[in-house]
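# Residue-level structure breakdown
The residues making up each chain are set out below.
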Amino acid sequence: MTARIGVVTFPGTLDDKDSLRAVRTAGAEPVSLWHRDKDLKQVDAVVLAGGFSYGDYLRAGAIARFSPVMETIIEQAKAGLPVLGICNGFQILTEAHLLPGGMLQNNHLHFICREQKLRVETSGTAWTADYTAGQEVHIPLKNMDGRYVAEERVLDELEAEGRVAFRYLDVNPNGSLRDIAGITNAAGNVVGLMPHPEHAVEPLVGTGRTDGLGFFTSILKKLVNA
Amino acid sequence: MTLDTVKHAGETPEAEQPWKELGLKEDEYARIREILGRRPTGAELAMYSVMWSEHCSYKSSKVHLKQFGEKVPANDAMLVGIGENAGVVDVGQGYAVTFKVESHNHPSYIEPYQGAATGVGGIVRDILAMGARPVAVVDPLRFGAADHPDTRRVLPGVVAGIGGYGNCLGLPNIGGEVVFDACYQGNPLVNAGCIGVMKHEDIHLAKASGPGNKVVLYGARTGGDGIGGVSVLASETFESTGPAKRPAVQVGDPFQEKLLIECTLEIFREQLVAGIQDLGGAGLSCATSELASAGSGGMRVELDTVPLRDSSLSPEEILMSESQERMCAIVEPDKVDRFMEICEKWDVIATVIGEVTDGSQLEIFWHGEQIVDVPPRTVAHEGPVYNRPYARPAWQDALQADDANKLARPANAAELREQVLKLVSSPNQASKSWITDQYDRFVQGNTVLAMPEDAGMVRIDEKTNLGVAMATDGNGRYAKLDPYTGAQLALAESYRNVAASGAKPLAISDCLNFGSPEDPDVMWQFAEATRGLADGCLQLGTPVTGGNVSLYNQTGETAIHPTPVVAVLGVIDDVTRRTPVAFAEEGQLLYLLGDTHEELGGSAWSQVIHDHLGGMPPKVDLDREKLLGEILISASRDGMIDAAHDLSDGGLIQAVTESCLRGGKGARLVVPDGLDSFVFLFSESAGRAVVSVPRSEELRFNDMCGARGLPATRIGVVDGDEIEVQAEFSIPLSELRTAHEATLPGLFA
Amino acid sequence: MARVVVDVMLKPEILDPQGQAVQRALPRLGFEGIADVRQGKRFELEVDGPVDDAALARINEMAETFLANTVIEDFTVKVEESK
Amino acid sequence: MARVVVDVMLKPEILDPQGQAVQRALPRLGFEGIADVRQGKRFELEVDGPVDDAALARINEMAETFLANTVIEDFTVKVEESK
Ligand SMILES: Nc1ncnc2c1ncn2[C@@H]1O[C@H](COP(=O)(O)OP(=O)(O)O)[C@@H](O)[C@H]1O
Ligand SMILES: [Mg+2]
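Everything numeric here is computed off the predicted structure, so don't read it as measured data. (Residues numbered from 1 in each chain as written. Chains lettered and ligands numbered in written order. Predicted model: local features only at pLDDT ≥ 70, side-chain atom pairs only at ≥ 80, totals over all residues. Heavy atoms only, no water.)

## A word on the overall build of chain A
Each helix and strand in chain A was counted, giving five helices and eleven strands. Taking 2.2 N^0.38 as the reference for a compact globule, 226 residues should give roughly 17 Å; the C-alpha atoms of chain A span a radius of gyration of 16 Å, in line with that estimate. Counting only C-alpha atoms, chain A reaches 40 × 35 × 35 Å along its principal axes. By residue count, 66% of the 226 residues in chain A fall in the buried class. Considering only contacts in chain A between residues 6 or more positions apart, those separated by 24 or more positions represent 73%. About 7200 Å² of surface is accessible on chain A, with carbon and sulfur atoms providing 47% of the total. Taken as two groups, the 22 positive and 27 negative side-chain charges of chain A have centres that lie 2 Å from each other. (Helix = DSSP H or I, 4+ residues; strand = E, 2+ residues; numbered from the N terminus. Rg over C-alpha atoms; globule rule 2.2 N^0.38 Å. Buried < 20%, exposed > 50% of the residue type's maximum accessible area, 1.4 Å probe, protein only. Contact = heavy atoms within 4.5 Å. Areas by Shrake-Rupley, 256 points an atom, 1.4 Å probe, with all protein chains shown as cover. Lys, Arg positive; Asp, Glu negative; His and termini not counted. Charge placed at Lys NZ, Arg CZ, Asp CG, Glu CD.)

## Some details on the interface of chain C and chain A
The accessible area lost on association of the parts is a frequent measure of interface size. Taken together, the 16 residues of chain C in the interface contact 17 residues of chain A. The interface formed by chain C and chain A includes one salt bridge. Summed over the shared surface of chain C and chain A, the result is six residue pairs in polar contact (both at pLDDT 80 or more). For the side of chain C that touches chain A, the secondary structure elements donating two or more residues are helix H1 (17-28), strand E2 (34-47) and helix H2 (53-67) of chain C. Taken together, the residues of the side of chain C that touches chain A sort by class into eleven nonpolar, three polar and two charged. (Salt bridge = Lys/Arg side-chain N within 4 Å of Asp/Glu carboxyl O. Polar contact = N/O pair within 3.5 Å; in protein donor to acceptor, adjacent residues only side chain to side chain. Nonpolar A, V, L, I, M, F, W, Y, C, P; charged D, E, K, R; others polar.)

## Focus on the site of ligand 1
Residues and elements named next belong to chain B. Taken together, 19 residues lie around ligand 1, and Asp139, Gly176, Met451, Glu453 and Asp473 are the ones closest in. Separating a nitrogen atom of ligand 1 from a backbone N or O atom of valine 178 is a distance of 3.4 Å. Between ligand 1 and asparagine 497 there is a distance of 3.3 Å, counted from an oxygen atom to a side-chain nitrogen or oxygen. Within the complex, 88% of the 540 Å² of free accessible area of ligand 1 lies under protein. Looking at the shell around ligand 1, the elements with two or more residues in it are strand E4 (133-143), strand E5 (173-180) and helix H19 (483-500). The dominant element in the shell around ligand 1, judged by the number of residues it contributes, is E5, at five residues. Its residues assigned to classes, the shell around ligand 1 shows five nonpolar, six polar and eight charged. (Near = heavy atom within 4 Å.)

## What to know about the coordination of the magnesium ion (ligand 2)
All names here are of chain B. The magnesium ion (ligand 2) binds to the protein through Asp454 (OD), Asn497 (OD1) and Asp646 (OD), with metal-donor distances spanning 2.0 to 2.3 Å. We note that the donor set of the magnesium ion (ligand 2) lies within a single chain, spaced as D-x42-N-x148-D. Here the residue aspartate 454 occupies a position in the loop between strand E14 (447-449) and strand E15 (456-459), and aspartate 646 occupies one in strand E23 (residues 643-646), the gap between them amounting to 192 residues. (Donors = N, O, S within 2.8 Å, 3.2 Å for Na, K, Ca; no water.)

## Observations regarding the side chain of B:Asp482
All names here are of chain B. Within the fold, aspartate 482 resides in the loop between helix H18 (476-481) and H19. With no salt bridge to any partner, buried aspartate 482 finds its closest opposite charge in arginine 392, at an N-O distance of 6.7 Å. Polar side-chain contacts of aspartate 482 include one of 2.7 Å to the side chain of threonine 485. Setting aside residues up to four positions removed in sequence, aspartate 482 forms contacts with Gln396, Gln400, Met616 and Pro617.

## Describing the UniProt feature "binding site: substrate" (unreviewed entry) in chain B
All names here are of chain B. Under the UniProt annotation, the feature "binding site: substrate" (unreviewed entry) is placed at Ser103, His104, Asn105, His106, Arg125, Gln250, Glu322, Ser323, Gln324 and Ser550. Contacts of glutamate 322, omitting those with residues within four sequence positions, involve Asp225, Gly226, Gln250, Gly280, Gly281, Ala282 and Gly283. Of note is the side chain of glutamate 322, whose polar atom sits 2.8 Å from the backbone nitrogen of alanine 282. One can find serine 323 in the loop between helix H12 (315-320) and strand E10 (326-331). Using a relative accessible area of 1% as the deciding quantity, one classes serine 323 as buried. Dropping the residues within four chain positions of it, serine 323 is found in contact with Arg221, Thr222, Gly223, Asp225 and Arg309. A polar contact of 2.7 Å, which involves the side chain of serine 323, links it to the backbone nitrogen of glycine 223. (UniProt positions renumbered as here; feature names shortened; annotations may be inferred.)

## Quick look at the nonpolar core
Within the largest apolar cluster, 157 residues are counted, with the highest numbers of intra-cluster contacts made by A:Leu48, B:Tyr218 and B:Phe339. Those residues in contact with A:Leu48 that lie beyond four places of it in its chain are A:Val8, A:Phe10, A:Met70, A:Ile73, A:Val83, A:Leu84, A:Gly85, A:Ile86, A:Gly89, A:Ile92 and A:Leu93. Counting residues in hydrophobic clusters, the runner-up holds 47 residues, among them B:Ala46, B:Val50, B:Leu303 and B:Val379. (Core = buried A, V, L, I, M, F, W, Y, C linked by side-chain atoms within 4.5 Å.)

## A word on the relation of the copies chain C and chain D
Superposing chain C onto chain D takes a rotation of 180 degrees combined with a translation of 0.0 Å along the rotation axis, leaving an RMSD of 0.3 Å. Expressed as an axis order, the relation between the two copies is that of a two-fold axis. Across chain C, the rotation axis passes nearest the C-alpha of C:Lys41, at a separation of 2.3 Å. By residue overlap, the copies meet face to face through one surface: 100% of the interface positions of chain C are interface positions in chain D. (Least-squares fit on C-alpha atoms with pLDDT ≥ 70 in both.)

## Thoughts on the packing of aromatic side chains
All names here are of chain B. Inspection of every chain in the model, using the stated rule, returns 19 aromatic pairs over all chains. Here the aromatic cluster, defined as three or more aromatic residues joined through ring pairs, consists of Phe143, Phe180, Trp434 and Phe748. Cation over ring: lysine 199 sits above tyrosine 95, and NZ or CZ is 4.1 Å from the ring centre. (Phe/Tyr/Trp six-rings, centres within 6.5 Å; stacked < 30°, edge-to-face > 60°. Lys NZ or Arg CZ within 6 Å of the ring centre and 35° of its normal.)

## A few points about the UniProt feature "active site" (unreviewed entry) in chain A
All names here are of chain A. Summarizing the sequence annotation, UniProt attributes the feature "active site" (unreviewed entry) to Cys87, His196 and Glu198 in the numbering used throughout. A stretch of 112 residues holds the annotated residues, and the largest C-alpha distance among them is 10.9 Å, short enough that they meet in one place. Positionally, cysteine 87 belongs in the loop between strand E4 (83-86) and helix H3 (88-95). In this structure cysteine 87 comes out as buried when scored by relative accessible area, which is 5%. Not counting chain neighbours up to four residues away, the residues in contact with cysteine 87 comprise Gly50, Lys142, Asn143, Leu193, Met194 and His196. As for its position among the elements, histidine 196 is in the loop between strand E11 (190-193) and helix H5 (213-225). With near-sequence residues (within four places) excluded, histidine 196 lies in contact with Asp15, Gly50, Ile86, Cys87, Ile139, Pro140 and Lys142.

## Focus on the sheet that holds strand E6 (residues 189-199) of chain B
Residues and elements named next belong to chain B. With mixed pairing, the six strands of this open sheet are ordered in space as E1-E2-E3-E6-E4-E5. Each edge of the open sheet carries a strand with a single partner, namely strand E1 (78-80) and E5. Taking each pair of neighbouring strands and ignoring which way they run, the sheet shows an average axis angle of 25 degrees. Taken together, the seven bridges between E4 and E5 define a ladder with parallel strand orientation. Looking at the pairing, valine 138 lines up with glycine 175 of E5. (Pairing = 2+ DSSP bridges. Axes fitted to C-alpha atoms, helices over the stretch in contact; angles between N-to-C directions.)

## Thoughts on the packing of helix H5 (residues 62-70) of chain B against helix H20 (residues 520-540) of chain B
Residues and elements named next belong to chain B. For the pair H5 and H20, interaxial distance at closest approach is 9 Å and the crossing angle is 5 degrees. Taken together, the axis directions place H5 and H20 in an arrangement best described as roughly parallel. Between H5 and H20, the contacting residues are His64, Leu65, Gln67 and Phe68 on the first element and Met523, Phe526, Ala527, Thr530, Arg531, Leu533 and Ala534 on the second. (Parallel < 35°, antiparallel > 145°, perpendicular 65-115°, else oblique.)

## Quick word on the UniProt feature "domain: PurM-like N-terminal" (unreviewed entry) in chain B
Residues and elements named next belong to chain B. UniProt marks residues 83-198 and 453-572 with the feature "domain: PurM-like N-terminal" (unreviewed entry), using the numbering shown here. Between the end C-alpha atoms of residues 83-198 the distance is 19 Å, and the span holds 39% helix and 38% strand. Secondary structure across residues 453-572 divides into 38% helix and 35% strand, with the first and last C-alpha atoms of the span separated by 16 Å.

## Quick notes on the interface of chain C and chain D
Listed per partner, the contact involves 32 residues of chain C and 33 residues of chain D. The contact between chain C and chain D buries some 2800 Å² in all, and 65% of this surface belongs to carbon and sulfur atoms. Per-residue buried area on chain C facing chain D is highest for C:Phe31, C:Arg42 and C:Phe66; these three make up 21% of the total on that side. Put simply, D:Asp7 and C:Arg42 hold a salt bridge, and the shortest N to O gap is 2.9 Å. One can count 14 residue pairs in polar contact (both at pLDDT 80 or more) joining chain C with chain D. Element by element, the count of residues in the side of chain C that touches chain D is highest for E2(C), at 14 residues. Looking at the side of chain C that touches chain D residue by residue, the class counts come to 16 nonpolar, four polar and twelve charged. When E2(C) meets strand E2 (residues 34-47) of chain D, the two strands line up antiparallel, connected through 13 bridges. Bridge pairing in E2(D) places C:Asp36 opposite D:Glu46. (Buried area = accessible area lost by both parts, 1.4 Å probe.)

In structure tokens:
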């Protein structure tokens, strides 16, 4: 048997198809979820894909956070449903307060698209078990509002609890505090990151690397073995 | 305020009308009266004036563009030719590709961000209207001098606007150009292209047929955007109480367009439309008259049903509004409900505004009163045609006589080295990544090649790995020296770029950017360039599928360089065999393909070192280009080369620098016998490329070139971490990298 | 119809690169003497009906939960005199 | 040090996609009775020295030539009471 992994489409979501493809490539069953549906179709995990939901108007993720599908996701995430927020998905997770801190416009004020080197800081989440802590990976990054900020106290807490999941290496592409590229909640089921692992699952396209596949195999193994 | 109805117009033949303010000529106005047999109503006058503008009617360019339809190469790929929103070509496996380039030059100067953004929005809707899913965009750009303060205003805004719109739509940006030249100072060129993919059976056309079919307007509400001249009508003739001056600039809403795309594709999937047209320039005037003109019957529109953003708009203004993110579909009555449901699903407003009639007139009503009653063809397709006078400019001979080959050359190896660094760090030759990194090239997960490759390439079928490639090129300096040759060089370069990536060039689109057609010098440039392009396409076997003409690109009396931009579309049956530009493998052999002559006219070297423009551009040999293309494609198919980079502006040293930096490897070069090292490095002879050949393939590769008669000269080897030109100089890659990559951030960051 | 304005600014301790970019550009354009620039958002709401305490309380809540993200932003609500 | 505020709003006839998106979201969040929302920018400038007529004239010029693009935007300049 395999696991059913849902990918949410909000108006303005762009990377839903790529995320579905990444889920399929990893061997799980991809399931499309629609923003107006509260029903999660019995999926075992959810990916909030990248893009510009509602045009990123107001603030990135601010309007999507209030959609019907998010009501269910917020509730179930608190009960342990694995949720991965990629880019806009990460922004939605912070707006929904499932993850602490907030996301602001890049410090250089430009959209940035680059191949980004990251360090995976923890393998102790539902989405990173197939990596080893300290492992360096290359993942495409593309965003306008990728600057992660939080109060000092919150940052210290994240560090102390090992909840900084990914850090930018070589270049901090957006001014994120403490080079943070992604974080997890305390339980490890909710993970958000700015770079796009779903764009790095095939050698042919994108960066030509498959460093992102581990996100999707991690969750698949966890769900199948559960 | 009295409504100027058809009846009223009939009763008041003598009423003064602001035809002049709307840009019509006296004889054009007379012709409208003759067509209608009475004076036009205000609404009719507004429609004719925008549809008969240069931008919409191509009245100055038509006589020359005709050649693209006459000199058509035998080519089975063409499915839909010039005249539709965009041309369509067959790329095999049941797929069809539509693509086109358009300009948004003037708005981008006034409001760089929104001007450029709405340029992307407009071309994407054109592609969508053909029935295709847009899959990639490209953006050929030209700005004034890189260090001019106004370029600092215009460039970052344009780039942010293209990125802001395209990124938000989820369309990878896979190529384009950035050129700086003082001639574009008051008139930057912002061209944008889009590629769309569909199955053959999904091709849609812009025509309204079937009496009783509904006309559905969907997308954004209509506001007072981009009305420009029509405010004259509203304020002067009709004592309007609305705001006197409407803005001529539109604001784009990429989020709305993204919804429009998804909604429209779902509507196509369920086969709910009989005809479809995007709303772009001239808004509803254009969409209704073109749909009706191309169809079999007439059309009746209730204009007061159009959803408005601003209730003070007059009917004339509604007809002219260029509000973005709107489409117009012709829908059979029993499909309207389902159509509306899909629009509702995507939060897109849709309204039935009229229907197709069995008459022959386009009739428009405002609260029950008729304000338009015209034969649609006279608005949309039978506008004025001008055979404008043209003549070879008096200064052309002197310009060509000012030979760049006679300019002072570097006196020694140290100067040669210095000039190489100067060249690769000059704004035109420097890395464009500060710009292209603001564009999403990964989205949709199908990008096989993107900037800074020779051509962008996207996969269009995940199972078979079928893909398409595109490059855009144009060199205004060459075209200024000789517009006929310049246009062919643009075509040749773009063709070469596509072939270098491993794809087979199929067809082209173009964007012809010129000065005022009322200037005989400019008109001559235009005539020569179109003739050159048409002849070139015939010879290369790549038909022109469509394009765009932008005239009046000038500041005061001074026209820009004639700038024909050519976009070549190629197809590749298996994207896994694409050829990148990077020299990545130590020890591989570098071969120069083609002949190098002493050709420095219009070259980057003459511009960077001498600020000079004169002489003759490089010669074109299109048969040679074709042969080079075939060799590059064969070599890619048979695994004989690992990298290829075409040679163009900046010459060999520019290409080698780019390929070395991309691959992170150095090169040792030997100047071939009989060539001067300066000419070897800087000449811009056409029909050339440099390739990297694995040693194991050298024999086979040489044999192939020899057998087919393409000169192939071994010029060096991939090696080390510097570029060394034997017996002349060497430059560490790190030094080259800084020179090449620091320029744009230094100017614009 | 009355207008209520909600101003949203980044909290003072958070870096405001937009404001900084504006400030840095000013001397180049010949404007001296601006010690600091912060850039924020201004929302103009046209309210149906009277702007009484109840309405203002609702708008405050809207600003707090939606118009501003109070993790990173502060906001103020004011009723604009009708002109 | 005094504070001058420059508010920049899109001209009323120009499309404001951001404001529209906010307005459309409000009913879904349970906020009724907002007939229109426009979103603009607020610049808070800290001015060295006195904000006299000359300073205000300069700031007006700055707003006109730089902070706003008057093809599509309107702006207002006001001196903020110091708190
Ligand atoms: N405005 C732009 N948008 C996207 N890509 C661009 C743009 N300008 C340049 N590029 C890309 O940068 C690379 C180098 O450009 P250029 O030197 O003009 O290529 P070439 O000389 O081979 O035609 C190409 O991949 C080109 O597509
Ligand atoms: Mg090239």
